[in-house]
Amino acid sequence: MKKERFETSVIHAGYDSSHFQGSLVPPLYQTSTFTFDNAEQGEKRFAGEEPGFIYSRLGNPTVKLLETRIAELENGEAGLAFGSGMAAVSGVLFALLKAGDHILCSQGVYGCTFGLLSLLNEKFLITHDFSRMGTKEELVAGIKAETACIYVETPINPTMKLVDLQMVAEVGRQKGIPIIVDNTFCSPYLQTPISLGCDVVIHSATKYICGHGDVIAGLAVGTRAFMDMVSKTTLKDIGGIIAPFDAWLLLRGLKTLPVRMDRHCENAEKLASFLKKHPQVDRIFFPGDQEHSDYKIAATQMRKPGGLISFTIKGTKHDAQQFMNQLNLIKIAVSLGDAETLIQHPATMTHAVVPQETRKQMEIEDNLLRLSVGLEAWQDIEDDLAQAFAKMN
Ligand SMILES: *Cc1c(COP(=O)(O)O)cnc(C)c1O
């Protein structure tokens, strides 16, 4: 079948309404189990000799459609859905790794991924190191004989540094090491790591893919062989599955992903230039800023610079908190990718668990704020920021 364009695939990929009594919207299979016509059919399904559903932890038609669709959108062979982004991260890592292995990780990963790496080390003797991955040499220098995967986030939260995925994929191919990319900040609309040569893509679907702030879920995409292995091991036996209704909500959210991302990105460009010029702002961290250290990488591997902006305000931690407290329209909350504009304070919220010295190395200062730009009129978001700055004097 001819591959359709992204904006069409988010709405149609993998679904044929003629198989579902003409239902325009894919049905929600809110069921735990599936009945067999007879005992022999049950035997065949368990033996894998006949296709069909058995029990919703092992597969569910609503979930399956979501998995097919995300695989199509990420240019991969097969997808899997999980009950959270962290269930996807842990499901993939547990399936891939064994005791004694080593993970080479980009500097400054998501807080709970940081926590998971420590857990893997404490319980299963799986070690890890962080690498800036700024150049090929720097990346190669971090690889050990026991390195079993390279784990990358780009852009990196909250300072929006980027990693050149094509460069990492090339090294991975040469060394025979799989590359796993957490693509949450971009969504498949802005960046498709598998097209750049990476092996596995992970999402916290809680963010842009859901887009409406009402679901916690995760997704992963890779080769059919690898995803089958994950499905038959960690997903089935650890059991971090998604609920059918949440899968249904994600299918609904996905339909508008390109339209929403365009608006998130457009609003972010406007607000980034407002913040950059503002006398009470010290520094902004936005991949679309021409002075951003990785502007060139952003321009080559991302369709647009995204909807997240971090910035430092002139002053202390107290000033940063006071500024947040003056905001009206903009809500104080972690998470991102929702219709509502959200602001958070990384040093005391998402990165509070990171020791202060490490935070400093990561450029997470006490006056740094992260804005997840929503879908409101950008002028209203700007007005809210402006009035909060005005009250700071
Ligand atoms: C939120 C997030 C996660 C974790 O996802 P949950 O759905 O909250 O479990 C992982 N990686 C990144 C980059 C995230 O932003």
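Residues numbered from 1 in each chain as written. Predicted model: local features only at pLDDT ≥ 70, side-chain atom pairs only at ≥ 80, totals over all residues. Heavy atoms only, no water.

1. Notes on the pairing of strand β5 (residues 179-182)
Here is step 1 of the chain: On β5, burial covers both faces: I179 and V181 on one face and I180 and D182 on the other are all buried.
Here is step 2 of the chain: Pairing of strand β4 (residues 147-153) with β5, which is carried by four bridges, proceeds in the parallel orientation. Considered in β5, the bridge of Y151 is made with I180.
Here is step 3 of the chain: The parallel pair β4 and β5, bridged by helix α7 (residues 165-175), forms a crossover whose chirality is right-handed. (Buried < 20%, exposed > 50% of the residue type's maximum accessible area, 1.4 Å probe, protein only. Helix = DSSP H or I, 4+ residues; strand = E, 2+ residues; numbered from the N terminus. Pairing = 2+ DSSP bridges. Right-handed = clockwise from strand over helix to strand, strands pointing away.)

2. Comments concerning the sheet that holds strand β6 (residues 200-204)
Here is step 1 of the chain: A sheet is described by the order of its strands in space; here seven strands give the open sequence β1-β7-β6-β5-β4-β2-β3, paired in mixed fashion. Looking at strand neighbours, the two that pair on one side only are β1 (78-82) and β3 (127-131), the edges of this open sheet. For this sheet, the mean inter-axis angle between neighbouring strands, taken without regard to orientation, is 20°.
Here is step 2 of the chain: Running at roughly 145° to β3, helix α5 (residues 111-124) makes contact with β2 (102-106), β3 and β4 of the sheet.
Here is step 3 of the chain: Against the sheet, helix α9 (residues 224-238) touches β1, β6 and β7 (218-222), its axis set at about 25° to β1. (Axes fitted to C-alpha atoms, helices over the stretch in contact; angles between N-to-C directions. Contact = heavy atoms within 4.5 Å.)

3. Considering the sheet that holds strand β8 (residues 281-285)
Here is step 1 of the chain: Taken together, five strands build an open sheet; the order of strands is β8-β9-β12-β11-β10 and the sheet is mixed. Two strands close off the open sheet at either side, each with one partner strand: β8 and β10 (331-332).
Here is step 2 of the chain: Where strand β11 (residues 342-344) lies against strand β12 (residues 368-372), three bridges are found, and the strand directions are antiparallel. What sits directly across from I343, in β12, is L371.
Here is step 3 of the chain: Along the sheet, helix α11 (residues 257-277) makes contact with β8, β9 (308-313) and β12, crossing β9 at roughly 10°.

4. Focus: the site of the ligand
Here is step 1 of the chain: Around the ligand, 13 residues are found, and the nearest of them are G85, D182, S204, T206 and K207.
Here is step 2 of the chain: For the ligand, a nitrogen atom lies 2.7 Å from a polar atom in the side chain of D182.
Here is step 3 of the chain: S204 is positioned such that a nitrogen or oxygen atom in its side chain is 2.8 Å from an oxygen atom of the ligand.
Here is step 4 of the chain: Calculation on the ligand without its partners gives an accessible area of 380 Å², and the protein chains cover 92% of this total. (Near = heavy atom within 4 Å. Polar contact = N/O pair within 3.5 Å; in protein donor to acceptor, adjacent residues only side chain to side chain. Areas by Shrake-Rupley, 256 points an atom, 1.4 Å probe, with all protein chains shown as cover.)

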